Amino acid sequence: MKRFIPLFLLAFCPLLAAEPTLTVGIFAFRPKPVMAQKYDELGIYLSQATPGYTFKVEYLDQHEIESALAAKRLDFLFTNPSHFVRLRHDNHLSGAIATLQTLENGLISDSLGGVILAPMNSPIKQLKDLKGKRIVIPGPKYLGGYQAQAYELQQAGIHLPDDATLIEAGAHDKAFETLLAGKADAAFVRSGMVEALIHEGRWQEDRLQIINRQNLPYFPFASSTRLYPEWAFAALPSVPEDVVKRVNLALLTIKPDMPVARAAGIYGFTIPADYQTVDQLARALRLPPYEQADFHLSDVWTRYQWPITLLLIALFTIGLLFIRLANARSALARHRQHLESLVEERTTALSIAKESAEAANRAKSTFLANMSHELRTPLNAIIGMTAMALRRAEDRQQHEQLAKVEQASKHLLAVISDILDISKIEAERLTLEQTDFQLAEVCRNLRGLIELRASEKDLQLNFEIPAGLAEQALIGDPLRLGQVLLNLSSNAIKFTRQGGVTLRVQAIADQTDEVQLCFSVIDSGIGMPADVLSRLFRAFEQADNSMTRQYGGTGLGLAISQRLVRLMGGEISVESQPGKGSVFSFTITLAKSNLTPTSTSTAETHDAERQLQRDHAGARILLVEDEPINREITLCLLEDTGLAVDIAEDGQQAFDLARQKRYELILMDMQMPNMNGLEATRAIRNNSLNRNTPILAMTANVFDEDRKACLAVGMDDFLSKPVSPERLFSSLLQWLTKAAEPAA
């Protein structure tokens, strides 16, 4: 029996010493026997280059690869770029560890593109000529055989497959043969195909032409499109890190004269390329995994929990700051009263105190300007992402939840704007516009803003203004006048349970060149006792502290209204009795105008998006934005209108692109690394291909000096964040239309 023990152990030693097997899944874009002839040698090479492991190669179609990943049968992947991007998204893969270097007819490349072929005598000479034509393609899943060309056509305003008739040939060779047979008007093949056909003697130079040929100095093949990285070799997360490093080293050390390279007909592998361009193509063409939006309300918190938390902390900090500022103002007032009695003796001390107060105001304004930018940037992301989700939301409950998020965000934005208004007024940095307007337009805007709230409470809303006065052309600031009337009317509706609210406008004195007007907002609300009227217009105060809990509000509306009225040269007053309602009145004098002001209708604003899609699809836009979330929001809005968008993440990139390409419009942020928006605009206006291109500032810096600085360096317009889609589309339509008009 003992003599059989060594034989038994000898028989099982191979099993005990067996090396672990790692499986490489390779996308079989050609018949599997052909793929085996090319890549069986790769498994042998990796097994030799990675002692302790045996590598097995499986040749699978895309569906089989996805099934193998679901069953966790694969350790490594080798597939084409678009398939890799989809697998990376769906399976949470890390990036590629190496990128293929092809070797075709002695030419080396780690990139690929697409080629568009047409008969030499065809009327097709440029991309736009392909609309409505018969196009033969290898198949819709081929990056170089369809997707790259479809993306270029989309930028030119042609959307496949809707704008042409597609014929699937199944392979690049067959697409070429179908075109030569006269069964199609054009053909799509990948880059390198033309050179291979020439090498094989099958290219008929007098019969075929290349459409939209690109000038690519470092790319050895003809191409009609931009370039994308070649095939990706990637590791699954389950593979140990040391094994990944050894495989990566083995791939990068493949030489073209090695058996593994000769069998596959490749040059080798290089360091992993950036597949972001393929990801952007998939997004634009709505290819998997981006064929539909998948958005939930919880995503807002999951994705923006840090900005939201920071926003709450910032608001708390602002609150503490304003409490301290209020205390400081009170102390300063007492100190000034004392100084007035000693003004002749303490002139020097008073001057020092004044300078100190002005410095404090400047510091506060600087802080609020920076805080405005920091608050509006994440708030723009929240409002923008919510608006995007609302545009795509079909579920009713989800739509209602998103609408509440949008309403809360806009309320928060209004609070921030009120705080900034108070700051600018106190720092004497708020100036009034002097423009032509009519009271009728101000009243129409006011009715549109408050009518819904009044109807929700079943309140009567009345406007009493003489017809002649309503149509009289005046000179003043209609925006700030409307802000005062909105504050007073909103308060009246808030504190009125039944009855109604009336806006009454009367001409007290009517001269040849000016008119003195009295505005009154009358409500039948809860009213106020006389002892609270004296402190009613103080910032952050209400008639009764319990009102904050019951009715809400910051106590800023009346304070801002009083100070705006004073800037207009008037004074505001109030009459009120508990239970009988209140009357807020103010009187201002406005100059008359001989011009008839024009207004933009709401319908024109709402129609801007459709006009952009109709008249400016394919227009090339440069978006300059360093904040990733705001960049994504703006990019999606622009691409939804059919615009072709290039992206720069700072001013230096924007300047470099502006020197290479002509754009029809540039959207420019202000605060960016390397080169800010003002410096970039100045450089573009001085030395680029876009000296006369419209440049629109789109920034969270909302002070008047920011707007003036943008215009001074050559920008054409100023959009403050958060920018609503309607405001963005309206501005884009205005400037793209103006840019398209022939020069006088």
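This report concerns the structure included in the present document. Everything numeric here is computed off the predicted structure, so don't read it as measured data. (Residues numbered from 1 in each chain as written. Predicted model: local features only at pLDDT ≥ 70, side-chain atom pairs only at ≥ 80, totals over all residues. Heavy atoms only, no water.)

1. Focus: the side chain of S109
For clarity, the threshold we go by: Secondary structure elements follow DSSP: runs of H or I no shorter than four residues count as helices, runs of E no shorter than two count as strands, and numbering proceeds from the N terminus. For every residue, the accessible area obtained with a 1.4 Å probe (protein chains only) is divided by the maximum for its type, and the residue is called buried under 20%, exposed over 50%, and partly exposed between those limits. Polar contact criterion, stated in full: a pair of N or O atoms within 3.5 Å, where within protein one must be able to donate a hydrogen and the other to accept it, and residues adjacent in sequence count only if both atoms are side-chain atoms. The criterion used for residue contact is that any of the two residues' heavy atoms lie within 4.5 Å.
Following the sequence through the fold, S109 ends up in strand β5 (residues 107-109). The class of S109 is buried, set by a relative accessible area of 6%. Within the structure, the side chain of S109 is placed 3.0 Å from the backbone oxygen of S111, a separation counted as a polar contact. Every residue in contact with S109, bar those within four places of it in the chain, is listed here: L100, Q101, T102, F219, P220, F221 and E230.

2. Examining the sheet that holds strand β26 (residues 717-720)
Note: strands within a sheet are paired through backbone hydrogen bonds, in either parallel or antiparallel orientation. Formally: Paired strands, as defined in this entry, are two strands with at least two bridges between them according to DSSP. Note on definitions: angles span 0 to 180 degrees between N-to-C directions of axes, and those axes are lines fitted to C-alpha atoms, for helices only across the stretch in contact.
Strand order in the open sheet formed by five strands is β23-β22-β24-β25-β26, with parallel pairing between adjacent strands. The sheet is open, and its two edges are formed by β23 (644-648) and β26, each paired on a single side. Within this sheet the neighbouring strands show an average axis-to-axis angle of 20 degrees, counted without direction. Relative to strand β24 (residues 665-668), strand β22 (residues 620-624) is paired through four bridges, and the arrangement is parallel. Paired with V624 across the bridge in β24 is M668. Strands β24 and β25 (695-699) of the sheet are contacted by helix α23 (residues 677-686), whose axis makes an angle of about 155 degrees with β24.

3. What about the nonpolar core?
Where we set the bar: Residues enter a nonpolar core if they are buried and are Ala, Val, Leu, Ile, Met, Phe, Trp, Tyr or Cys, with the set joined through side-chain atoms within 4.5 Å.
Ranked by internal contacts, the top residues of the largest apolar core, which has 44 residues, are L46, F76, F233 and L251. For this core, the leading source of residues is helix α2 (residues 32-49), giving six residues. Setting aside chain neighbours within four positions, we find L46 in contact with V24, F55, F233, V247, A250 and L251.

4. Observations concerning a nonpolar patch on the surface
To be explicit about the condition: Patch rule: a residue counts if its relative accessible area is over 30% and it has no salt bridge; like charges are joined within 9 Å, and nonpolar side chains (Val, Leu, Ile, Met, Phe, Trp, Tyr) within 5 Å. The method behind every accessible area is Shrake-Rupley, applied with a 1.4 Å probe, and residues are considered shielded solely by the protein chains displayed. Salt bridge criterion: a side-chain nitrogen from Lys or Arg within 4 Å of a carboxyl oxygen from Asp or Glu.
A cluster of nonpolar residues, F316, L320 and I323, forms a patch on the protein surface that exposes about 320 Å² of accessible area. Examined against the element boundaries, L320 turns out to sit in helix α11 (residues 297-341).

5. A word on the pairing of strand β9 (residues 165-168)
Threshold: Assignment of crossover handedness uses the view with strands pointing away from the viewer, where a clockwise path from the first strand over the helix to the second indicates a right-handed crossover.
In terms of strand pairing, strand β8 (residues 134-137) meets β9 through four bridges, oriented parallel. For I135, the partnering residue across the bridge sits in β9 and is L166. Once the chain exits β8 it traverses helix α5 (residues 143-155) before rejoining the sheet at β9, and the crossover so formed is right-handed.

6. Side note on helix α22 (residues 651-660)
Heads up, the rule is: Regarding the arc, it is the one traced by the directions from the helix axis to the C-beta atoms.
Every buried residue of α22 is listed here: G651, A654, F655, L657 and A658. Viewed end-on, α22 has its buried residues packed into an arc of 165 degrees, placing them on one side of the element. For α22, the N-terminal capping position is held by D650, with its side-chain oxygen 3.1 Å away from the main-chain nitrogen of Q652.

7. Some thoughts on the pattern of salt bridges
For the structure on display, the rule yields 23 salt bridges. In this structure, the salt-bridge partner of E152 is R226, at a minimum N-O distance of 2.7 Å. Residue E152 is located in helix α5, and its partner R226 is located in the loop between β11 (208-211) and β12 (228-229); the two are separated by 74 residues in the primary sequence. Given the relative accessible area of 10%, E152 is considered buried.

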